[in-house]
Amino acid sequence: RTIEVLPEEGYGNSHENLIIDVEKGRVPADAVVGNVVQGETPNGPVNFTISHIGEDTVTLDANHPLAGKKLIFELEVVNVL
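Model, not experiment: these values are computed from the prediction. (Residues numbered from 1 in each chain as written. Predicted model: local features only at pLDDT ≥ 70, side-chain atom pairs only at ≥ 80, totals over all residues. Heavy atoms only, no water.)

(A) The arrangement of the sheet that holds strand 3 (residues 36–41) in detail. Spatially, the 4 strands line up as an open sheet ordered 2-5-4-3, and their pairing is antiparallel. At either margin of the open sheet sits one strand with a lone partner, and together these are strand 2 (19–23) and strand 3. Strand-to-strand twist of the sheet, defined as the mean angle between neighbouring strand axes without regard to direction, takes the value 45°. Here 5 bridges tie strand 2 to strand 5 (residues 57–61), and the two strands are oriented antiparallel to one another. Paired with Asp21 across the strands is Thr59, a residue of strand 5. (Pairing = 2+ DSSP bridges. Helix = DSSP H or I, 4+ residues; strand = E, 2+ residues; numbered from the N terminus. Axes fitted to C-alpha atoms, helices over the stretch in contact; angles between N-to-C directions.)

(B) Region of the structure containing the nonpolar core. One finds Val22, Val27, Ala31, Val37, Phe48, Ile50, Val58 and Leu60 forming the largest nonpolar core, which totals 8 residues. Every element with two or more residues in this core is listed here: strand 4 (44–53) and strand 5. Among residues more than four places away in sequence, those in contact with Ile50 are Ala31, Val32, Val33, Gly34, Asn35, Val37, Val58, Thr59 and Leu60. (Core = buried A, V, L, I, M, F, W, Y, C linked by side-chain atoms within 4.5 Å. Buried < 20%, exposed > 50% of the residue type's maximum accessible area, 1.4 Å probe, protein only. Contact = heavy atoms within 4.5 Å.)

Next up, the structure:
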């Protein structure tokens, strides 16, 4: 059986207000796209995924990596007790 979970029923939709650009010097020099870095906000620490590295800035995304994605689960019953 295949089960599909829409974004709003799973990890939610991606929110643009959770994506920010910071100066390149504020992330580790060896950072690459896909790395997760931790930042400090007024509400405490937040994990950001590096989504783009430009010449002067780095784009950080605080959305869950699966936000905005439809989840598809394929299930197989292997035993019934």
